[in-house]
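# Working through the structure, step by step
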Amino acid sequence: MRAAASSAAATAVRREAQPAQREAQAEDEFERRLTGDFGVSTEEEALANGADPAHIEELKEVAGIGAPFTPTPAWAPLMAAVPVADLDDADAAPGLYHSDDYATLTLVQDCAASASDYDNSTEFWLPAIADDGGITRFAGMNLAVMTSGTMFVHEAEISGYVRDSEGNWIAS
């Protein structure tokens, strides 16, 4: 019984922490978008430099600032995938396609115009099994691909690691 009570308490703590974690992620995303669009890291700096307040509000909405927390499984985006047989190479519709055996996913999106084109990039997260048996994020990146096939990784994260001053991944 003691183990069950501990497990239930740990689950309750995780559920309470998730909205705070989502809020922190939204703040990080908002800062990243401010930096990309205006070269500053705060709303106050952007407004002081003449940014349109409506554009700032749009960035907040896109980043998820103030959005209610709704937990979704890490695999939820896969539910929208359609069979790769539906992919028309001559006129590819944006979306996510899966192979017959679900071993390969193909993401069709607009190509990036340049290396700094965040609007035409996609965030990818690789799942891992958490200590509690659930699914968690292991590694992720924001990736853009140009028409030439050149790929740009705008940002990358690995759970439990940070980059040192030379760009090497080290345990955090």
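The notes below deal with the structure included here. (Residues numbered from 1 in each chain as written. Predicted model: local features only at pLDDT ≥ 70, side-chain atom pairs only at ≥ 80, totals over all residues. Heavy atoms only, no water.)

### Focus on the pattern of salt bridges
Applying the stated criterion across every chain, the model contains five salt bridges. Close ionic contact of glutamate 155 with arginine 32 constitutes a salt bridge, the shortest N to O distance being 3.2 Å. Taken together, the residues span a long stretch of sequence, with glutamate 155 in strand S6 (residues 151–158) and arginine 32 in helix H1 (residues 2–38) at a distance of 123 residues. Given the relative accessible area of 9%, arginine 32 is considered buried. Between lysine 60 and glutamate 57 there is a salt bridge, with its nearest N and O atoms 3.5 Å apart. Separated by three residues within a single helix, lysine 60 and glutamate 57 lie in helix H3 (residues 53–63), roughly one turn from each other. Here glutamate 57 falls in the partly exposed class, since its relative accessible area comes to 44%. (Salt bridge = Lys/Arg side-chain N within 4 Å of Asp/Glu carboxyl O. Helix = DSSP H or I, 4+ residues; strand = E, 2+ residues; numbered from the N terminus. Buried < 20%, exposed > 50% of the residue type's maximum accessible area, 1.4 Å probe, protein only.)

### Here we look at the side chain of arginine 33
With respect to the helices, strands and loops of the structure, arginine 33 is situated in helix H1. A polar contact of 2.7 Å, which involves the side chain of arginine 33, links it to the side chain of glutamate 29. If we skip the residues at most four places from it in the chain, arginine 33 touches Leu59, Val62 and Asp119. (Polar contact = N/O pair within 3.5 Å; in protein donor to acceptor, adjacent residues only side chain to side chain. Contact = heavy atoms within 4.5 Å.)

### Brief notes about the sheet that holds strand S4 (residues 121–129)
Pairing in this open sheet of three strands is antiparallel, and the strands run S4-S5-S6 from one edge to the other. Of all the strands in the sheet, the pair left with one neighbour each is S4 and S6. On average, each strand axis in the sheet is inclined to that of its neighbour by 20 degrees, with strand direction left out of account. Examined bridge by bridge, strand S5 (residues 135–145) and S6 share seven bridges and lie antiparallel to one another. For valine 145, the partnering residue across the bridge sits in S6 and is methionine 151. (Pairing = 2+ DSSP bridges. Axes fitted to C-alpha atoms, helices over the stretch in contact; angles between N-to-C directions.)

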